[in-house]
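Breakdown of the fold
Below are the chains, spelled out letter by letter.
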Amino acid sequence: MGIEREIKLALPPEQADAADRFFTGLSRAPGRDVPLTNLYFDTPSLALARAKIALRLRKTPDGWLQTLKAAGTAQGGLHSRHEWETPVSNEALDFDALAAACDDDAALAALRAAQAELAERFRTSFVRRLWRLVFDGARIEAAIDRGEVTATVSGEARREALSEIELELLSGDERALHALTSALSAEVPGLAPENVNKAQRGYRLCAP
């Protein structure tokens, strides 16, 4: 089990270049672009959402990953939550691998109860521009995500644009995340804490 700690910031699209310059200057290297597609699964009645867990299958340039995320907290843009991630061989969930990795009995019980009815409910497709930074003694992964969330509900295609920054603490003191956020906000106007994650955006699109 890992605990993911990251700050999410809503990024005005017109400020994406300014954010890029900030991270490139700080790391002294250009960002690396990674195209990502994430498929989110739930039952028709959204049983996983009610259990406050999210199940995702991610396509990366290196292959497929499945991730189970449990309930967490979000305040002032800082997100903390438990997650379990395992590689899979293709575009298919592997419940045995998830069960072996996950040590949360409640999350596993909810997953097993929903398993027979699970299907893709929405997806996110975006390009993630990545930098690895050392800031105030902490190792931080900075990312600019730009793309969209899509869902089909009763034959209706629904879309929402994505433009955000994620600052994930890889190691070190959490205070470094806040210090980096302050430095970034001083250089890039219009940033705002984003307490709604990508999965929550997708579930909003699925609402009647």
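For the structure, see preceding data.
Here we summarise the structure given alongside this text.

How each quantity is defined
Residues numbered from 1 in each chain as written. Predicted model: local features only at pLDDT ≥ 70, side-chain atom pairs only at ≥ 80, totals over all residues. Heavy atoms only, no water. Phe/Tyr/Trp six-rings, centres within 6.5 Å; stacked < 30°, edge-to-face > 60°. Buried < 20%, exposed > 50% of the residue type's maximum accessible area, 1.4 Å probe, protein only. Helix = DSSP H or I, 4+ residues; strand = E, 2+ residues; numbered from the N terminus. Lys NZ or Arg CZ within 6 Å of the ring centre and 35° of its normal. Core = buried A, V, L, I, M, F, W, Y, C linked by side-chain atoms within 4.5 Å. Contact = heavy atoms within 4.5 Å. Pairing = 2+ DSSP bridges. Axes fitted to C-alpha atoms, helices over the stretch in contact; angles between N-to-C directions. Parallel < 35°, antiparallel > 145°, perpendicular 65-115°, else oblique. Left-handed = near helix turned anticlockwise from the far one by under 90°. Arc of directions from axis to C-beta. Polar contact = N/O pair within 3.5 Å; in protein donor to acceptor, adjacent residues only side chain to side chain.

Let's talk about the packing of aromatic side chains
- The tally for this structure, following the rule as stated, stands at four aromatic pairs.
- Centroid distance Phe22 to Phe23: 5.4 Å. Interplanar angle 75°. Geometry classified as edge-to-face. Taken as a pair, Phe22 and Phe23 share a single burial class, namely buried.
- Note on Phe122 and Tyr203: the rings are 5.1 Å apart at their centroids and 70° apart in plane angle, and the pair reads as edge-to-face. Of this pair, Phe122 sits in strand E6 (residues 119-135) while Tyr203 sits in helix H6 (residues 198-206), placing them 81 residues apart in sequence.
- What makes Tyr203 buried here is its relative accessible area of 16%.
- Here a set of aromatic residues connected by ring pairs shows up, and it is made of Phe22, Phe23 and Trp131.
- The side chain of Lys198 reaches across the aromatic face of Phe126, ending 5.0 Å from its centre.

Re the nonpolar core
- Ranked by size, the top nonpolar core spans 35 residues in total, and within it Leu48, Ile53, Leu55, Leu57, Leu68 and Phe122 carry the most contacts.
- Those elements giving two or more residues to this core turn out to be strand E2 (32-42), strand E3 (54-60), strand E4 (63-75), strand E5 (78-88), helix H4 (105-114), E6, strand E7 (138-153) and H6.
- Contact partners of Leu48, with chain neighbours within four places excluded, come to Phe41, Asp42, Ile53, Leu55, Ala110, Leu111, Ala114, Leu118 and Tyr203.

Comments concerning the pairing of E3
- Counting buried positions along E3 yields six of seven residues, so the element is predominantly enclosed.
- Pairing geometry for E2 and E3, over five bridges, is antiparallel. Paired with Tyr40 across the bridge in E3 is Arg56.

Focus: the packing of helix H1 (residues 16-27) against helix H5 (residues 175-187)
- Between H1 and H5, the least distance of the axes is 10 Å, while the angle of their chain directions is 130°. Considering their axes alone, H1 and H5 lie oblique with respect to each other. Seen from above, H1 lies across H5 with right-handed handedness. Residues Phe22, Phe23 and Leu26 of H1 pack against Leu180, Ala183, Leu184 and Glu187 of H5.

Some remarks on H4
- Of the positions making up H4, those classed as buried are Ala107, Leu108, Ala110, Leu111 and Ala114. Here the buried residues of H4 occupy an arc of 160° about the axis, which is enough to place them on one side. H4 presents Asp105, Ala106, Arg112 and Ala113 as exposed residues on the side facing more than 90 degrees away from its buried surface.
- The distance from a side-chain oxygen at the start of H4 to the backbone nitrogen of Ala106 is 3.0 Å, and the residue carrying that oxygen is Asp104.

Everything listed here is a matter of coordinates, which is why it stays silent on function.
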